[in-house]
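Residues per chain, in single letters:
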Amino acid sequence: MQTTFTPEQLKDPAIERSNQILRSCVHCGFCTATCPTYQVLGDELDSPRGRIYLIKDMLENERVPDDKTVKHIDRCLSCLACMTTCPSGVHYMHLVDHAREYIENTYKRPLSDRALRWVLAKVLPYPKRFRLALLGAKIGRPFAFLMPDARLKAMLAMAPKIIPPVSRNDDPQTFAAEGTKKMRVVLMTGCAQKALNTDINDATIRLLRRLGAEVVIPEGQGCCGALTHHMGKTDESHATAAKNIEAWSREMDNGGLDAIVINTSGCGTTVKDYGHMFRNTKLAEKAAKVAGIAKDVSEVLMKLDMEAQSEPMTVAYHAACSLQHGQQIKTYPKDLLKKAGFTVVEPADPHLCCGSAGTYNLMQPEISGQLKTRKVKTLEAKNPDVIAAGNIGCMMQIGSATQVPIVHTVELLDWATGGPKPKAMTDEPQISDIPRLR
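Procedures and definitions
Note that residues are indexed from 1 along each chain, following the sequence as it is written. Owing to the predicted nature of the model, reporting of local features is limited to residues with pLDDT of at least 70; listing and counting of side-chain atom pairs is limited to 80 or more, with chain, interface and lining totals taken over all residues. The side-chain figures draw on all heavy atoms in the structure; neither hydrogens nor water molecules are used. Numbering of helices and strands starts at the N terminus; helices are DSSP runs of H or I of at least 4 residues and strands are runs of E of at least 2. In this setup the radius of gyration rests on C-alpha atoms only. A globule is expected at 2.2 Å times the number of residues raised to 0.38. Two residues qualify as a contact provided that any one of their heavy atoms is within 4.5 Å of a heavy atom in the partner residue. Per-residue and other accessible areas were derived by the Shrake-Rupley procedure at a 1.4 Å probe size, with only the shown protein chains allowed to occlude residues. When charges are counted, Lys and Arg contribute as positive and Asp and Glu as negative, whereas His and the chain ends are disregarded. To locate a charge, take NZ of a lysine, CZ of an arginine, CG of an aspartate or CD of a glutamate. We place a 1 Å grid over just the protein atoms. Points where a 1.4 Å probe fits but has no way out form a cavity, open points with protein on both sides within 12 Å along at least 5 of 7 lines form a pocket, and any residue with an atom within 4 Å of a point lines it. Grid points are joined across faces, edges and corners, and a volume is the space filled by probe spheres set on the points. Here the term charged refers only to Asp, Glu, Lys and Arg, the term nonpolar to Ala, Val, Leu, Ile, Met, Phe, Trp, Tyr, Cys and Pro, and the term polar to all other amino acids, Gly among them. DSSP calls a pair of strands paired once it identifies at least 2 bridges connecting them. For helices, the fitted axis covers only the stretch in contact; all axes are lines through C-alpha atoms, and the angles between them, taken along N-to-C directions, range from 0 to 180 degrees. Exposure classes here rest on a 1.4 Å probe applied to the protein chains alone. A residue is buried below 20% of its type maximum, exposed above 50%, and partly exposed in between. For salt bridges, the criterion is a side-chain nitrogen of Lys or Arg within 4 Å of an Asp or Glu carboxyl oxygen.

> Account for the overall build of the protein chain, with residues named and values stated.
What the protein chain contains, in helices and strands, is 23 helices and nine strands. A compact globule built from 438 residues should have a C-alpha radius of gyration of about 22 Å, and the protein chain, at 21 Å, falls within 12% of that. For the protein chain, the spread of C-alpha atoms along the principal axes amounts to about 60 × 50 × 40 Å. If you take every contact in the protein chain between residues at least 6 apart in sequence, the share linking residues at least 24 apart comes to 73%. Working note: accessible area of the protein chain is about 18800 Å², and carbon and sulfur atoms make up 53% of it. Across the protein chain, the mean location of the 55 positive side-chain charges is 2 Å away from that of the 48 negative side-chain charges.

Structural data, given as structure tokens:
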């Protein structure tokens with residue numbers, strides 16, 4: 001694609017990067033075949049190619065974006081299926097992130113939009129605030145029919161039936177490896193996940209320890225920054241990300257780390273991009289080192305010897321977009337489940353998004369709902385005993401529309417290697433008590 005940025009514009013590192021990306025696009029349109037919003041809406045401007053033209057025009061002309069441009073960019077899920085499909089290697093993720101930051105800094109949204117985005121940015125990345133919000137949503141859910149805005153109804157519907165108690169395993173501490181110590185890792189405990197489902201981190205700690213990993217929960221870590229980053233709120237996202245970089249760098253210096261383990265794939269995609277996010281800052285070197293050892297939990301488990309024996313069971317595996325497209329991890333979770341003895345099946349069109357996409361299901365509930373219905377239908381068509389996924393957002397989205405239990409992949413692997421049966425598959429409450437070192 002030909003671009004016309006001036007030499008003065010190209011002095012801006014963000015413009016320079018977007019220019020590189022735009023020039024790599026050859027207009028082939030392969031991306032339209034795998035874009036969920038194009039599949040649902042059928043509008044060229046709701047495809048990656050259409051959005052690329054809108055972004056190019058907006059950035060080149062340094063214009064305040066109009067409502068049309070903002071609408072179509074807002075409708076993008078950032079599922080990154082287009083990056084998997086693109087034969088030219090167009091790095092759409094960096095381009096659309098730049099566009100969102102530009103829109104955030106130049107476009108005045110309607111008051112209701114600004115209020116919603118402010119609330120999401122100030123609540124979701126903070127577990128204590130989010131727990132209070134979930135409690136309020138749970139109380140208010142019976143009155144959802146009174147809400148005039150579909151987005152407010154979606155926020156009320158998000159609250160789980162049971163808000164789990166705080167897990168003390170998420171507190172700063174170190175868990176000893178069982179048997180011979182094979183590696184030392186940090187576990188990123190996340191933010192929203194700590195409020196929505198504490199079983200995932202508990203199962204991850206048990207499983208890693210059982211397989212010989214010393215697991216560190218460091219002081220000072222928190223939200224990865226993805227939620228605010230994808231809203232274009234760069235200062236907020238970088239502030240929370242910087243805390244992680246410093247916390248993990250201290251652990252790298254104080255005892256060495258083999259990996260930073262991440263069990264929420266949406267977070268993993270962002271953390272692995274810290275080197276790019278902080279490339280022009282004083283944290284550039286530390287950020288690059290952190291990003292270099294950031295691993296999805298499935299990547300780490302593939303390096304450890306796992307002996308497992310599951311009950312005969314059919315598992316429908318849902319591939320989170322952030323894992324299969326954002327991190328290009330396609331087979332590891334399935335390989336691990338098969339190794340544990342589960343029968344693994346996949347739905348039709350596994351490359352298409354479930355519609356969760358961070359805060360997308362709250363800000364674009366209509367489109368999100370259509371994608372959710374499609375995804376659940378294809379999963380249930382496989383008649384599974386349980387659905388497995390590697391991302392809390394996907395689990396909440398899919399779980400809200402099916403009676404089939406949905407659990408994290410590590411919960412099944414933990415169970416198959418001697419841990420408790422996942423709570424979602426039993427009515428019996430379970431309390432995790434894992435010995436700690438500090």
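Moving on, there is more to tell.
> Residues and numbers for empty space enclosed by the protein, please.
Counted by the stated rule, this structure contains four cavities of 30 Å³ or more. In this structure, the largest cavity spans a volume of roughly 130 Å³. Contributing to the lining of the largest cavity are 15 residues, with Cys25, Cys31, Ile52, Cys86 and Val90 lying nearest its centre. The set of elements that each furnish at least two residues to the lining of the largest cavity consists of helix 3 (48-60) and helix 5 (81-85). Per-element tally for the lining of the largest cavity: the top contributor is helix 3, with three residues. For the lining of the largest cavity, the per-class residue count stands at 11 nonpolar, three polar and one charged. Taken as a whole, the second largest cavity encloses approximately 90 Å³ of empty space. Considering the residues around the second largest cavity, the lining is formed by 14 residues, among which Cys35, Pro36, Cys76, Cys79 and Leu80 are closest to the centre. Those elements that place two or more of their residues in the lining of the second largest cavity are helix 2 (36-41), helix 3 and helix 5.

> Please give an account of the sheet that holds strand 2 (residues 183-188) that cites residues and values.
If you trace the five strands from one edge of the open sheet to the other, you get 1-3-2-4-5, paired in mixed fashion. The sheet terminates laterally at strand 1 (173-175) and strand 5 (294-296), the two strands that pair on one side only. In this sheet, neighbouring strand axes are inclined to one another by 30° on average, regardless of whether the strands run parallel or antiparallel. Each of strand 2, strand 3 (213-217) and strand 4 (259-262) is contacted by helix 13 (residues 234-254), which is oriented at about 165° to strand 2, the strand it contacts most. Strand contacts of helix 16 (residues 284-293): strand 4 and strand 5, with the helix running at about 25° to strand 5, the strand carrying the most contacts.

> Before we move on, can you summarise the pairing of strand 4 with the specific residues and values?
In strand 4, alternate side chains face the same way, and those of Ala259 and Val261 on one face and Ile260 and Ile262 on the other are all buried. By the bridge criterion, four bridges tie strand 2 to strand 4 in an arrangement that is parallel. Along strand 4, the bridge assignment pairs Val185 with Ala259. In this sheet, strand 5 lies alongside strand 4 in parallel orientation, the contact comprising three bridges. What sits directly across from Ile260, in strand 5, is Ala294.

> Any chance you could break down the sheet that holds strand 7 (residues 343-345) for me, citing the residues and the numbers?
Here we have four strands laid out as an open sheet, ordered 7-6-8-9, and parallel in their pairing. Across the chains shown, the open sheet's two edge strands, defined by having one partner strand only, are strand 7 and strand 9 (406-408). For this sheet the average axis-to-axis angle between neighbouring strands, irrespective of direction, equals 35°. Sheet topology places strand 6 (residues 314-317) next to strand 7; three bridges connect them, and they run parallel.

> I'd like to hear about the pattern of salt bridges, residue by residue, with values.
With the rule as written, the count across this model stands at 24 salt bridges. The shortest N-O distance in the salt bridge between Glu60 and Lys56 comes to 3.0 Å. You can see Glu60 and its partner Lys56 sitting in helix 3, four residues apart, about one turn around the helix. Here Glu60 matches Lys56 in class, with each residue buried.

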